[in-house]
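What the coordinates show
The chain contents come next:
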Amino acid sequence: DWGVYDKPVPYKHQLHNLEHGGVIIHYGRDVPVAGVNALRELWAKSPSFVMVVPDTSASFPKDGVVVGSQQRWMSCKPFTPAMTSAIEVYIDEYRGRGPEPALSKNVGGDRPEGLPAPKIEDKGAK
C-alpha cells in the first residue's frame, strides 16, 4: 500500500510498487526525527504513488535517504530537511513512469506475511 511506514517493508513488495511507477523514499535509522518529519510532510503534500519507509539493513547509510524509482535512484547523505526540495523534483520527474500501468488503489485486506501496514495511509488511494 502507498503510505508512510514505521517498519521496514520487504524489498520484494517494494519492487512491485516500483513496477507500477512508484517512488520509494528510504531513510536510515540515524536520520533525526526532524528529517523523518520533513519526509512525512513532503509525502503529505502529494502522496500518490509514494512510499516512505525506514531501512535498517546493514549496508544502508544510517544517516542517509535514498529515493528510488524503476528508472533511477538518488542518494542524500547525510540527509538534512533542506534536501526535501530535491526529492520533490525527483518525485515529480519519475512518479507514474513504471513499465506496468500505475495502480492508485491500496489493496488492503489480507497482508502477506511480513508486510506491515502503513502507519499513515494514502486515503486517496482507495
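Refer to the structure printed above.
The structure presented is a predicted model; accordingly, all values stated were derived computationally and were not measured.

Quick look at the packing of aromatic side chains
A complete count under the given rule lists two aromatic pairs for this structure. Ring centres of W2 and F49 lie 5.5 Å apart, and the angle between their planes is 75 degrees; this geometry places the pair in the edge-to-face category. With a gap of 47 residues between them, W2 in the segment before β1 (3-4) and F49 in the loop between α2 (33-45) and β3 (50-55) connect regions that are remote in the sequence. Of the two residues, W2 and F49, neither departs from the other in class, the shared state being buried. Taken together, a centroid distance of 4.8 Å and an interplanar angle of 45 degrees make the contact between Y90 and Y94 tilted. With Y90 and Y94 both in helix α3 (residues 84-94) and four residues apart, the pair spans about one turn of that helix. With respect to burial, Y90 and Y94 carry one shared label: buried.

Criteria and thresholds
- Residues numbered from 1 in each chain as written.
- Predicted model: local features only at pLDDT ≥ 70, side-chain atom pairs only at ≥ 80, totals over all residues.
- Heavy atoms only, no water.
- Phe/Tyr/Trp six-rings, centres within 6.5 Å; stacked < 30°, edge-to-face > 60°.
- Helix = DSSP H or I, 4+ residues; strand = E, 2+ residues; numbered from the N terminus.
- Buried < 20%, exposed > 50% of the residue type's maximum accessible area, 1.4 Å probe, protein only.

Any functional reading would require information that these geometric values do not contain.
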